[in-house]
Every structure is written in structure tokens, then in C-alpha cells.
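Listed here are the chains, written in short residue letters.
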Amino acid sequence: MRKIFAAILCLSLIASCGGGGDTIPIGGGNQGGDGPLIVGDTDQSGVNYRSSSESRDFTETTVVGDSTFYEVAINLDEAGGNDLTFTLVKWTDFQVVTVKGTSDMTIPFSGSDIEIIELEYFIPGATFLLTGASINTTTTANYTTAVEALAGYTYQGEISILTEQSLWNDKVYVPFRSLLYEGWIGVNIETDANNEITGIGINTIAYRGL
């Protein structure tokens, strides 16, 4: 299982470049203005907002041995193509969710590896922000492309203590950046009564031109 997981992660880095994707309806925004982007703030000048409380279910993509793979792809800037991909891998008693930017969209990483218990596998940790945090040079310096990062996981139904709890219980914000845009998206992991991961909750997407 460990070798299969590692191999598929490597393949996914190559194979998940974006195609066409759904968009969330325009919510509104103001023109002009600058300064740091504040996550969760939906009234900043010069920022376009796409408001939503949409739930996107994971879609099964492939089965390899005892590993089943699912994906949710999200268009962030309405420029065409999918920009952010969440990948879910399920086994009998283990679930892992990773996230990465696609196309020319990049997202920041923490710079530290997180070990997935039982799999003996290390994945870079993603940088998630909470309401009120500023997207500044600290996160900008960590924007990385073509790297899969850990969003969270469960083992035998229990959420790992290494997982950002707000990703499960409320929402976190994923900052993003391309050659044309920078912004943030509010997301959360959705589960059923048995703590089986079912989808990604998509909240507001905010972006502005660079």
C-alpha cells in the first residue's frame, strides 16, 4: 500500500494539470485600492468576490490495489481551467486528503514535512490561514508549484491531531497566486456520520489583479 500511494502521488503531480471547470457565480466587489489581502474580509476595495456555500462531492478517478482515488477541482479566477485540486485516497480504515495548485496557480507550503502515521510517508504541509490573517510576503515567499501538500487525514475514523481542526469543524483559507491574480478561498472538509470524507465545502473566493 505504501509503494502504491507514493507512486500514485508522483503520477498525480504530472497528471492533474487543469481542464475546464465549473465556476461559482460572481458575488461582487469594488474597484481600485491596494494593501494586503485579508482572508475572510469580503469588503476590500479592488477585490472581486465570488460568494458561495457550495458543496463539491469527490469524484472517483481510479482504483489501484486497495487504494481508491477521488478528486475535486476548483476554478479560482474565472480565467478558464481548474486551478486547485483536492485529492482523496481511501483505504479500509484510512483516508488522506492532499491539495495542490494546477496550471499556473500556486499555493504556499509550510516548509515542514508531516508524517502520515502507518503509511510511513512524508508530505509537505500546506499553509492554511484563519479569518483575519493577512496574505503578505511571508506567505508569498512560500508559494510553490507542482507540489502536493497535506490537507488532512483520518485513521480508523479518528481525525489526526496533526490536522488543522478548523478544516474539519469550520473553514480555513487557502491563499493562491498566479501571474495575473492573487487571492484566497475558504474551504472545509465535509464528512458523513461515520466520519467518511465526502466532499469539499467551498465558501467565498476572493481575488484581485496583480
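Conventions we followed
- Residues numbered from 1 in each chain as written.
- Predicted model: local features only at pLDDT ≥ 70, side-chain atom pairs only at ≥ 80, totals over all residues.
- Heavy atoms only, no water.
- Helix = DSSP H or I, 4+ residues; strand = E, 2+ residues; numbered from the N terminus.
- Buried < 20%, exposed > 50% of the residue type's maximum accessible area, 1.4 Å probe, protein only.
- Core = buried A, V, L, I, M, F, W, Y, C linked by side-chain atoms within 4.5 Å.
- Polar contact = N/O pair within 3.5 Å; in protein donor to acceptor, adjacent residues only side chain to side chain.
- pLDDT = per-residue confidence, 0-100.
- Contact = heavy atoms within 4.5 Å.
- Phe/Tyr/Trp six-rings, centres within 6.5 Å; stacked < 30°, edge-to-face > 60°.
- Pairing = 2+ DSSP bridges.

Enquirer: Explain unusual backbone geometry to me, please; I cannot follow it from the model alone.
Expert: Excluding glycine, residues mostly carry a negative phi; peptide bonds, for their part, are mostly trans. Of note, A146 is a non-glycine position whose phi angle comes to about 60 degrees, a positive value. Here A146 is to be found in the loop between β12 (143-144) and β13 (149-155). Its identity as a non-glycine residue notwithstanding, Q156 has a phi of 50 degrees, on the positive side. With respect to the helices, strands and loops of the structure, Q156 is situated in the loop between β13 and β14 (158-159). Residue classification places Q156 among the exposed positions, given a relative accessible area of 51%.

Enquirer: What am I meant to see in the nonpolar core here?
Expert: In summary, soluble globular proteins display a tendency toward joint burial of nonpolar side chains. The biggest cluster of nonpolar side chains holds 30 residues, and the ones touching the most others in it are F58, I74, F86 and I185. Broken down by element, this core gets its largest block of residues, five residues, from strand β17 (residues 197-209). Listed in part, the 11 residues of the second largest apolar core include W91, V96, I114 and I123.

Enquirer: Quick question: what am I supposed to make of the environment of Y153 here?
Expert: Considering the arrangement of structural elements, one finds Y153 in strand β13. Linking Y153 and I197, residues 44 residues apart in sequence, is a C-alpha distance of 9.2 Å. Engagement of the side chain of Y153 in a polar contact is seen with the side chain of S160, the distance being 3.1 Å.

Enquirer: Teacher, can you tell me more about the confidence of the model for the protein chain here?
Expert: When pLDDT drops low, the exact placement of atoms in the prediction is not to be read closely. Summarising the model, the protein chain shows a mean pLDDT of 82, and 83% of its residues fall at 70 or more. Mean pLDDT per element in the protein chain: helix α1 (residues 2-15) is the minimum at 39, and strand β5 (residues 59-64) is the maximum at 97. This stretch, residues 1-33, has a pLDDT under 50; its non-local contacts, to residues over four places away or in other chains, come to 79 contacts.

Enquirer: Would you mind showing me how to read the packing of aromatic side chains here?
Expert: The geometry of an aromatic ring pair is captured by two quantities: the separation of the ring centres and the angle between the planes. On inspection of all chains with the given rule, the structure shows six aromatic pairs. Ring centres of W91 and F94 lie 5.9 Å apart, and the angle between their planes is 75 degrees; on these two criteria the pair is classed as edge-to-face. No difference in accessibility class separates W91 from F94, as the two residues are buried. Judged by centre distance (5.2 Å) and plane angle (90 degrees), the rings of Y181 and Y207 are edge-to-face. Of this pair, Y181 sits in strand β16 (residues 181-191) while Y207 is found in strand β17, placing the two residues 26 residues apart along the sequence. Here Y207 falls in the buried class, since its relative accessible area comes to 5%. Linked through ring pairs, W91, F94, Y153 and Y155 together constitute an aromatic cluster.

Enquirer: Is there a simple way to think about the pairing of strand β9 (residues 107-116) in this case?
Expert: Two faces make up the sheet, and in a regular strand the side chains alternate between them. Judged from the two bridges that link them, β9 and β12 form a sheet pairing that is antiparallel. Considered in β12, the bridge of I107 is made with T144. Relative to strand β10 (residues 121-126), β9 runs antiparallel, the two being bridged by five bridges. Across the sheet, the residue bridging to I114 is I123, located in β10.

Enquirer: Whenever I open this one, the environment of E71 confuses me. Can you help?
Expert: Relative to the assigned elements, E71 resides in strand β6 (residues 67-74). You can call E71 partly exposed: its relative accessible area is 27%. Expressed as a C-alpha distance, the spacing of E71 and F86, which sit 15 residues apart in the sequence, is 5.6 Å.

Enquirer: Explain the side chain of T204 here, please?
Expert: Position of T204 relative to the elements: it lies in strand β17. Not counting chain neighbours up to four residues away, the residues in contact with T204 comprise T42, Y49, R50, S51, S52, W184, I185 and G186.

Enquirer: Help me understand the environment of E54, please; the structure alone is not making it clear to me.
Expert: Looking at the secondary structure, you find E54 in strand β4 (residues 54-57). Along the backbone, E54 and I200 are 146 residues apart, and their C-alpha atoms lie at a distance of 8.6 Å. There is a polar contact of 3.0 Å between the side chain of E54 and the side chain of R56.

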